[in-house]
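Coordinates in review
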Amino acid sequence: MEKTFNPQAIEQELYQSWETKGYFKPSGQGTPYSIMIPPPNVTGSLHMGHAFQDTIMDTLTRYKRMQGNNTLWQVGTDHAGIATQMVVERKLAAEEGKTRHDLGRDAFIDRIWDWKKESGGTITKQLRRLGASVDWDRERFTMDDGLSEAVKEVFVRLHKEDLIYRGKRLVNWDPKLHTAISDLEVENKDKKGFMWNFRYPLADGVKTKDGKDYIVVATTRPETMLGDTGVAVNPEDERYIDLIGKDIILPIVGRRIAIVADEHADMEKGTGCVKITPAHDFNDNEVGKRHQLDMINIFDKDAAILTQGETYSFNGKEIAFDAPIPERFHGLDRFAARKLVVSEFDDLGLLEEIEDHSLTVPYGDRSGVVIEPLLTDQWYVRTAPLAEPAKKAVADGEIQFVPKQYENMYNAWMNDIQDWCISRQLWWGHRIPAWYDNEGNVYVGRDEAEVRAENNLAADLELKQDEDVLDTWFSSALWTFSTQGWPENTDDLKTFHPSEVLVTGFDIIFFWVARMIMMTMHFIKDEDGKPQVPFKTVYVTGLIRDENGDKMSKSKGNVLDPIDMIDGIDLESLVTKRTSNLMQEKVAKKIEKTTRKTFEKGIEAHGTDALRFTLAAMASTGRDINWDMNRLEGYRNFCNKLWNASRYVLMNTEEHDCGFNTDGHTPEMSFSLADRWILGQFQHTVKTFSEHVDNYRFDLAANTAYEFTWNQFCDWYLELTKPVLFKGDEAQQRATRHTLVTVLEGLLRLMHPLMPYITETIWQSVAPLAAIDTTKADSIMLQAFPEFDASKVDELAMADLDWVKQFIVGIRNIRGEMDISPNKPLNAFIKNAEPEDARRLTANQQFLQGLAKLESINVLTASDEAPVSATAMVGNMEILIPMAGLIDVEAELARLNKNIEKINKDLQRVQGKLSNDSFVSKAPPAVIEKEQAKLAEMEAALAKLAEQKATINAL
RNA sequence: GGGUGGUUAGCUCAGUUGGGAGAGCAUCGCCCUUACAAGGCGAGGGUCACUGGUUCGAGCCCAGUACCACCCA
């Protein structure tokens, strides 16, 4: 073995061997256990969040596989409609100067498939680097034939059940991408802006109570006034009560509009009068419906002003009335139109005031432009009926959120769920299975032939398929069952559905988790007709942020690539990577500067296992996880520690008799205290570790493994084997070798789910020593996960070794604080040894002398005169190290005083407690006894320390 | 405006039904000891955000305040 752990040398080869041998496939035996991967974008690349979640999924999968389950981790990708289309459009523009319209729909889609072929491998390669034990033969893609079939089937069935409908409604329109987006894809940002107060002249000579011939409306969007069809006042507002039902002449366009009474108008806010633009504001749209106000659309698809308003009645039916827009506005962008409207109001003397105002502005999360509410024809899923069973499943505990608090988030959203706009004006995605005749009638079916047959349409009737595609999340919502072959009732579906746990970030609980629950429960039923949940547990991870707690994003230039954590990257490459494809030169400069500062020497290679262990160790219940390179480094060191500990074990066991090759006779073995102790300690570790994994506390599981490996196995046990291996007899050596191999082999299996590569590599050398038959299963990943065995816990050995540790630490303490070299052998005297101490002393001479580097240990009888010494205590027993020539008086006095002070502080607190009557009368007896015992112990210790101090003082 | 989460050592974070404040990293001292200097041994470091309450006893339970983050309108 190399002296230092070198992950690069082992990882990829190992993965390939696992994969080609088919070890990731379900075994076909045992209780099924399945996890469906949240499909990443097919043309995307892995970020830290993926690495985090994939680590957890792989850990669970490997853990369950080793426990004998029939384990499937289903892998696949989604087509990421808008994101992918945008990438290809940009590429097309950059390389050929063309738009998708230049190519046409079919040719453009071919280009996307080309791009998918070219870049689609990135993410799967990265998954492999992480060690993901997914069954690649079952890889699925949301746009492949089977899943497209499922999408179509779901659409048609939902439509038949009246759960999908088409309607002209106000949607979030992205004027840059020219598509509707769902409200979840809208990012609301707080902005500073203005509130414009306009005078709207009253018609027919009507005057307000205070004698004005106008009322004042306030707006943050002046340009929409071109489409106003009403003004609302509160029905209880005394100021305007007489004006209800009267009209206003809308300036600039000269249209006559009505004043209506509506609760929406807030008397406290502004003037209490609100202009109503039902075609361009969600609230106004509601008001418009209540008062049957017409709607006038004034924007085209680019959110520029039309030449003529498009007019609709309140219920979305087209109606013909004239809604002219002055020519000077034609084709103006909404923001230019805003300026012009304001200046015209000013010129007309109708601009009353401009106030500063902070407002929330909706932005498209993909395009970054301001979203425009626009009247368009879209397809919707009627969510209310679907939400009921989905809510119930969570309320009844059929689906559990971990951590539990996310249930609130889910419930809050589900209780106020809106219909889901599923159509997108894109080319990349599942084309909506709906056809139109020239009369505008719409027919939904699996294909055109079915549509004709079902509706008795003449063969020569012209039909055109809907141009739009479905929201990517629509297909993702079917993921758990569409990947298993639905709508066929396949064996896979029966075996692996419902899946066990969904591992995902809280940011997509609404986008995906809730919708998946709704869709799955609607379509997948048990044999007795009971709806099946898609998964029993939703494990919600935190979001990985950068070292300053900022969200990682390309535009901030603080993104970390998990592969760079594994392989390392030099500073120049990192800077290039972070600053390429940025819109602004200025931003690039800034990113370069901070990158150079944060990663002065680039990033070192740490290996997959260290990365995985770090991610697991950070997986606590919090919502944010700040990435910390120092921790990654710490866990790389941990890998190295494990590596070297194994090296020590192998050096001392290979080519030796380890007591395993029994062939009939039992070789003589006499196990040391340390052997018995570490075996018990390991059992505890197995128990705790498994409990933590079962409870999805990967941070605690990782800590447990770390603590045992480093602080018990390496720091104590390996050191304790040295005296035996160097000086013990054959039976003792054999027993210790046996224990070394046993514990290491078990430890490797324990940690394999977290750190697959290093454990497999070492295990390959250790397994033969432990006489494990590897002919059937030549990989650690197919071995059994360690199980807790109470019979291997020797409580006396645990207590005895604890005593040994205290003894050794006592001596080390004196050395440390007195600056005595660890190499200098010391003579120790023992005072006040009780029979139990005496037994332990005799039994463990070798350990004590070896690890505390003692030349001699002499037990003093009561009559013996003790030399002037530095003292350490184990219970009531005192360990004395003679000071002569080693320790100066002042130093030992200082040390004693420090100890006395420390104990005194504790003592006072305990005394206070015990002298408090209400404590003694009300606290449980066990607690009181504990306190009393503590008090006695401290008093005894203090007495001895005082005695020591007196002795030294007397010099 | 409504809601959720957070505030514990210099940094990143654990802290189970309320009963002696923990880890890793960083810092300081000693050591190249025959697995490991990516190491060993030892040490220092905390008003558990603040105020009040419940309790014999509060980092933990309750109420309020401040600040930070996120979600929703």
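Predicted model, so just to flag it, every value in this text is computed and none were measured.

**Concerning the overall build of chain A**
In terms of helices and strands, chain A carries 31 helices and 31 strands. Computed over its C-alpha atoms, the radius of gyration of chain A comes to 38 Å, more than 25% above the 30 Å expected for a compact globule of 955 residues. Projected onto the principal axes, the alpha-carbon positions of chain A cover approximately 120 × 70 × 60 Å. Burial analysis of chain A (955 residues in total) assigns 54% to the buried set. Pairs at least 24 apart in sequence give 77% of the contacts found in chain A among residues at least 6 apart. On chain A, roughly 42,900 Å² of surface is accessible, and the fraction owed to carbon and sulfur atoms is 48%. Between the centroid of the 111 positive side chains of chain A and the centroid of its 150 negative side chains there is a distance of 2 Å.

**Considering a negative patch on the surface**
A contiguous patch of negative charge, built from Asp 106, Asp 110, Asp 114 and Glu 118, is present on the exposed surface. Summarising the element assignment, Asp 106 is placed in helix H5 (residues 105-119).

**Here's the deal with the protein's contact with RNA strand B**
Among the 45 residues in the neighbourhood of RNA strand B, the closest are listed as Ser 620, Arg 647, Trp 710, Lys 922 and Lys 934. Close to the protein, within 4 Å, the atoms of RNA strand B belong to sugar or phosphate groups at a rate of 62%. Within the side chain of Arg 647, one N or O atom sits 2.7 Å away from a sugar or linking oxygen of RNA strand B. Of all the elements in the fold, those that place two or more residues in the surface near RNA strand B are strand E27 (624-626), helix H21 (629-653), helix H23 (698-727), helix H26 (795-818), helix H29 (889-914), helix H30 (917-922) and helix H31 (925-953). The biggest single contributor to the surface near RNA strand B is H21, with 10 residues. Split into classes, the residues belonging to the surface near RNA strand B amount to 13 nonpolar, 14 polar and 18 charged.

**Examining the pairing of strand E5 (residues 164-174)**
Here E5 lies mainly inside the structure; 8 of its 11 residues are buried. Bridge count for E5 against strand E16 (residues 372-381) is 10 bridges, and the pairing is antiparallel. Looking across to E16, one finds that Tyr 165 is bridged to Tyr 380. Of the strand pairs in this sheet, E5 and strand E6 (residues 179-181) are connected by 3 bridges, and their pairing is antiparallel. Bridging from a neighbouring strand, Trp 173 pairs with Ala 180 of E6. In this antiparallel pair of consecutive strands, E5 and E6, the connection spans 4 residues, and His 178 shows a positive phi of 55°.

**A look at the sheet that holds strand E31 (residues 877-882)**
By definition, the strands of a sheet pair up through backbone hydrogen bonds, in either a parallel or an antiparallel sense. Taking strand neighbours across the sheet as the criterion, the 4 strands line up as E29-E28-E31-E30 in an open arrangement whose pairing is mixed. Two strands close off the open sheet at either side, each with one partner strand: strand E29 (854-859) and strand E30 (869-874). When the angles between neighbouring strand axes are averaged without regard to direction, this sheet yields 25°. Examined bridge by bridge, E30 and E31 share 6 bridges and lie antiparallel to one another. Looking at the pairing, Ala 870 lines up with Ile 881 of E31.

**A short note on the state of the cysteines**
Two cysteines, two sulfur atoms, one covalent bond between them: this is a disulfide. Applying the stated criterion across every chain yields a total of 0 disulfides. Cys 639 takes part in no disulfide bond, and the closest cysteine sulfur to it belongs to Cys 714, at a distance of 12 Å. By relative accessible area, which is 6% here, Cys 714 ends up buried.

**Let's talk about the side chain of Asp 564**
Its location among the elements puts Asp 564 in helix H17 (residues 562-567). Here Lys 577 takes part through its side chain, which lies 2.7 Å from a polar atom of the side chain of Asp 564.

**Examining unusual backbone geometry**
In this model, Val 402 is joined to Pro 403 through a cis peptide bond whose omega is -5°. With respect to the element layout, Pro 403 can be found in the loop between strand E17 (400-402) and helix H11 (406-415). Between His 497 and the following residue, Pro 498, the backbone shows a cis peptide bond with an omega angle of 0°. Here Pro 498 lies in the loop between helix H15 (491-496) and strand E24 (499-505). Here the phi dihedral of Asp 162 falls at roughly 65°; this positive angle occurs in a residue that is not glycine. Mapped onto the elements, Asp 162 comes out in the loop between helix H7 (145-160) and E5. Phi angles above zero are rare outside glycine, and Asp 204 is one such case at about 60°.

**Focus on the nonpolar core**
Leu 60, Phe 474, Trp 627, Phe 713 and Phe 807 are the most contacted members of the largest nonpolar core, which totals 211 residues. Top contributing element to this core by residue count: H23, with 13 residues. Core analysis: the next-biggest nonpolar cluster, separate from the first, contains 40 residues, Val 206, Ile 252, Val 253 and Ile 296 among them.

**Details of the environment of Ile 10**
By secondary structure assignment, the location of Ile 10 is in the segment before helix H1 (11-20). A sequence separation of 748 residues divides Ile 10 from Ile 758, and the C-alpha atoms of the two residues are 8.0 Å apart. If near-sequence neighbours (up to four positions away) are discounted, Ile 10 is found in contact with Phe 5, Tyr 757, Ile 758 and Thr 761.

**What to know about H29**
Given a rise of 1.5 Å per residue, 26 residues ought to cover 38 Å, and the 36 Å separating the end C-alpha atoms of H29 matches this to within 8%. All of the buried residues along H29 are Glu 892, Leu 893, Arg 895, Leu 896, Ile 900, Ile 903, Leu 907, Val 910 and Leu 914. Tucked inside the fold, the buried residues of H29 contact H26, E30, H30 and H31.

**Some points on the packing of aromatic side chains**
Enumeration according to the criterion identifies 35 aromatic pairs in this entry. Geometrically, the ring pair formed by Phe 5 and Trp 643 is tilted, given 5.2 Å between the ring centres and 45° between the ring planes. In this pair, Phe 5 sits in the segment before H1 while Trp 643 sits in helix H21, placing the two residues 638 residues apart along the sequence. On the basis of relative accessibility, which here comes to 7%, the residue Trp 643 falls in the buried class. Where Tyr 63 meets Phe 785, the ring centres are 4.8 Å apart and the plane angle is 80°; that geometry is what we call edge-to-face.

**Side note on the pattern of salt bridges**
Taken as a whole and judged by the stated rule, the model has 65 salt bridges. Glu 344 is paired through a salt bridge with Arg 328; the nearest N and O atoms lie 2.4 Å apart. Within this pair, whereas Glu 344 is found in helix H9 (residues 334-347), its partner Arg 328 is found in the loop between strand E14 (305-312) and H9, the two being separated by 16 residues in sequence. On the basis of relative accessible area, Glu 344 is assigned to the buried category, the value being 12%. Given a relative accessible area of 46%, Arg 328 falls into the partly exposed group. A salt bridge links Lys 577 to Asp 561; the shortest N-O distance between them is 3.0 Å.

**A short note on the pairing of strand E2 (residues 70-74)**
Counting buried positions along E2 yields 5 of 5 residues, so the element is predominantly enclosed. Side-chain alternation along E2 places Asn 70, Leu 72 and Gln 74 on one buried face and Thr 71 and Trp 73 on a second face that is also buried. The pairing of strand E1 (residues 32-36) with E2 spans 5 bridges and is classified as parallel. Bridge assignment links Met 36 to a residue of E2, and that residue is Gln 74. Handedness of the β-α-β unit built from E1, helix H2 (residues 48-66) and E2 comes out right-handed.

**What about H31?**
Given 3.6 residues to a turn, an α-helix orients residues that are three or four positions apart in the same direction. Helix length check: H31, at 29 residues, gives a terminal C-alpha distance of 41 Å against a target of 42 Å (1.5 Å per residue), a fit within 8%. Looking at the buried residues of H31, the elements they touch are E30, E31, H29 and H30.

**Structural notes on the packing of helix H24 (residues 730-751) against helix H25 (residues 756-769)**
Interhelical geometry of H24 versus H25 gives an angle of 145° and a closest axis separation of 10 Å. For the pair H24 and H25, the crossing hand works out as left-handed. Contacts between H24 and H25 pair Val 741, Leu 744, Glu 745, Leu 748, Arg 749 and Met 751 from the former with Thr 759, Ile 762, Trp 763, Val 766 and Leu 769 from the latter. Per-class residue counts for the contact of H24 with H25 are 8 nonpolar, 1 polar and 2 charged.

Calculation rules
- Within each chain, residue numbers correspond to sequence positions counted from 1 in written order.
- Chain labels run from A onward and ligand labels from 1 onward, assigned in the order the entries are written.
- Per-residue local features are limited, in this predicted model, to residues with pLDDT of at least 70; the limit for side-chain atom pairs, both in listing and counting, is 80 or more; totals at the level of whole chains, interfaces and linings are taken over all residues.
- Calculated side-chain values reflect all of the structure's heavy atoms, with hydrogen atoms and water omitted.
- To qualify as a helix, a DSSP run of H or I must reach at least 4 residues; to qualify as a strand, a run of E must reach at least 2; elements of each kind are numbered from the N terminus.
- We compute the radius of gyration from the C-alpha atoms alone; for a globule the expected value is 2.2 Å times N to the 0.38, where N is the number of residues.
- The buried label goes to any residue with under 20% of its type's maximum accessible area, the exposed label to any with over 50%, and the partly exposed label to all in between, with areas taken from a 1.4 Å probe on protein chains only.
- Contacts are residue-level and defined by heavy atoms, with any inter-residue pair within 4.5 Å sufficient.
- Note on areas: Shrake-Rupley, 1.4 Å probe, and residue coverage restricted to the protein chains presented here.
- Neither His nor the chain termini are counted; the positive set is Lys and Arg, and the negative set is Asp and Glu.
- A charged residue contributes its charge at one atom only: NZ of Lys, CZ of Arg, CG of Asp or CD of Glu.
- Residues enter patches when they are more than 30% accessible in relative terms and free of salt bridges; like-charged ones are connected within 9 Å and nonpolar ones (Val, Leu, Ile, Met, Phe, Trp, Tyr) within 5 Å.
- Salt bridge criterion: a side-chain nitrogen from Lys or Arg within 4 Å of a carboxyl oxygen from Asp or Glu.
- Working definition: residue near molecule or strand if any one of its non-hydrogen atoms lies within 4 Å of it.
- The term polar contact refers here to a pair of N or O atoms within 3.5 Å; inside protein, the definition further demands a hydrogen-donor-capable atom paired with an acceptor-capable atom, and it admits residues adjacent in sequence only when both atoms are side-chain atoms.
- When residues are sorted by character, Ala, Val, Leu, Ile, Met, Phe, Trp, Tyr, Cys and Pro go into the nonpolar class, Asp, Glu, Lys and Arg into the charged class, and all the rest, Gly among them, into the polar class.
- The pairing criterion is simple: DSSP has to find at least two bridges between the two strands.
- Between N-to-C directions, angles span 0 to 180 degrees; the directions come from axes that are lines fitted to C-alpha atoms, helices contributing only their stretch in contact.
- The disulfide criterion is simple: two cysteine sulfur atoms within 2.5 Å.
- Side-chain atoms within 4.5 Å are what join buried Ala, Val, Leu, Ile, Met, Phe, Trp, Tyr and Cys residues into a set we call a nonpolar core.
- To estimate the expected span of a helix, subtract one from its residue number and multiply by 1.5 Å.
- We call Phe, Tyr and Trp rings a pair once their centres come within 6.5 Å, taking the six-membered ring for Trp, and we label the pair stacked below 30 degrees between planes, edge-to-face above 60, and tilted otherwise.
- Classification remark: right-handed applies to a crossover when, strands pointing away from the viewer, the course from the first strand over the helix to the second runs clockwise.
- In a left-handed crossing the near helix is turned counterclockwise from the far helix by less than a right angle, and in a right-handed crossing that turn is clockwise.

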